[in-house]
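Coordinates in review
Read off the chains here:
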Amino acid sequence: MSSAISIPANRPLNVVAASTSPSTATTIHERMLFRKDSTTFPIRRPKVLHPVENEDLRLLILENISQEAVKAFQAQGFHVDHSTKAMSEDELVQKIGSYHAIGIRSKTKITERVLKAASKLLVIGCFCIGTNQVDLESAGKAGIPVFNSPFSNSRSVAELVVSEVIALSRQYFERAFEMRSGLWNKQSKGCWEVRGKTLGIVGYGHIGAQLSVLSEAFGMRVLFHDVVNIMPLGSARQVDSLATLLAESDFVTLHVPELPETTNMISKAQLAQMKKGAYLINNARGKVVDIPALIDALKSGHLAGAAVDVYPSEPGANGAPFDDQLNGWSSALRSIPNVILTPHIGGSTEEAQRMIGEEVSSALIRYLNFGTSLGAVNFPEVDLRAIMLEEPNHVRVCYVHNNIPGVLRQVNEVLSPFNVEKQYSDSKGDIAYLMADIADVSPSDVNSLREQISKTSANILTRLLA
């Protein structure tokens, strides 16, 4: 057992000159620093908390995540190991046991086997939109929240789709390849303006909505299909079924998550419902489209072209082959004219990666330093007002537990000798999360408090921050 911590003594109030604007802060800790007037006034500074175990936090950051995120972690005093490559399951099992947090993109898989080896892991950051590369259920059962950045690369993906619509319609991808091969082949047959054409958007979320606005600026008619009724932007119109959208659209673009119900949602039957000479674009998830069926539709001439950015199986690193050993249809797809194939670059812009790095690193820092779980995808979302620098002998209890009756009574019995200043609890499925700030806790009480809470029957993970 670690020795008792030393709780910092009271410090003088900081006075600064500041001009503030309306806050866009997302947590209580950030909102504490906001005030509407512009003058010289005392700002109550939140105290940065640390684990009572006195162990330095170690982070493993993979897949060339933004250096700005790495610097943000280092600025907190965290030890960061950074790699440009993904890791295999075997590599992770071997190394993850010494880390408290991990940051990944889409290629690294956090499986149940990896999580069982992660004896110190507190949090996972997915520096991308999706989280299907993580076993979310197993992570939740282990008391590990998973954070992502669902909206930061929306504009980048939308702009890529617009460029693909024009490239397919004008066939200039093919013409550029021919020129680079030394062939002059000027032609207009089968090349069209996009003005007046119909774009069908499957999934009208952040990407679909932005794409809708951009496409209308080109004079396109926009239809969309979604599983819920959504207020459209501009002149876009929601249709009653996927079949209706496919039958009316000149271009069909997919923006849906990878779920059991979306696997192969575009297959032989759906491709047959599309207009002859239409185009299919998939920048969503690799398993959403039945690629062999798409190849047949392209070779038969039913579709005039396609753009694909995501695949059922993708190489683990740059420079690795994209061949038939990875996907058995790879060479057949590569041989078809007017098919744009890109290596999962939908969100690969400097702007998107910077915003993703900022959003996910901030979420991880808030959880590690304050216990805040707002934005977690597999975990109850809980936040508390910050403990201030001028509040000595305060301890924050972060208690992840099984969601069963009687747990709060047990915890409150442990806390009953102390002054509980604030407390909040929430649950998500079988997992619940309690945060409580306890005042007037002596250093000698801290370890005893943690030990008693950890021994409660429903305990999954208990952290004390001070």
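Details of the structure are given in the entry above.
Residues numbered from 1 in each chain as written. Predicted model: local features only at pLDDT ≥ 70, side-chain atom pairs only at ≥ 80, totals over all residues. Heavy atoms only, no water.

**Quick look at the nonpolar core**
The tendency in soluble globular proteins is for nonpolar side chains to be buried side by side. Leu254, Ile266, Leu271, Leu280, Leu294 and Leu303 are the most contacted members of the largest nonpolar core, which has 32 residues in total. Secondary-structure elements contributing two or more residues to this core are α9 (242-248), β11 (251-254), β12 (278-282), α11 (291-299) and β13 (303-308). Ranked by residues supplied to this core, first place goes to α11 with six residues. Not counting residues up to four positions away in its chain, the partners in contact with Leu254 are Val202, Ile266, Leu280, Ile281, Asn282, Asn283, Ala284, Val288 and Val289. Core analysis: the next-biggest nonpolar cluster, separate from the first, contains 31 residues, Val70, Leu368, Phe379 and Leu384 among them. (Core = buried A, V, L, I, M, F, W, Y, C linked by side-chain atoms within 4.5 Å. Buried < 20%, exposed > 50% of the residue type's maximum accessible area, 1.4 Å probe, protein only. Helix = DSSP H or I, 4+ residues; strand = E, 2+ residues; numbered from the N terminus. Contact = heavy atoms within 4.5 Å.)

**Section: the packing of aromatic side chains**
Applying the stated criterion across every chain yields a total of eight aromatic pairs. With a centroid separation of 6.4 Å and 45 degrees between ring planes, the pair formed by Tyr367 and Tyr433 is classed as tilted. In this pair, Tyr367 sits in helix α13 (residues 350-370) while Tyr433 sits in strand β17 (residues 431-439), placing the two residues 66 residues apart along the sequence. Taken individually, Tyr367 and Tyr433 each receive the classification buried, so the pair is uniform in this respect. A network of ring pairs unites the aromatic residues Phe147, Tyr367, Phe379 and Tyr433 as a single cluster. Directly above the aromatic system of Tyr367 lies the positively charged group of Arg463, at a separation of 4.7 Å from the ring centroid. (Phe/Tyr/Trp six-rings, centres within 6.5 Å; stacked < 30°, edge-to-face > 60°. Lys NZ or Arg CZ within 6 Å of the ring centre and 35° of its normal.)

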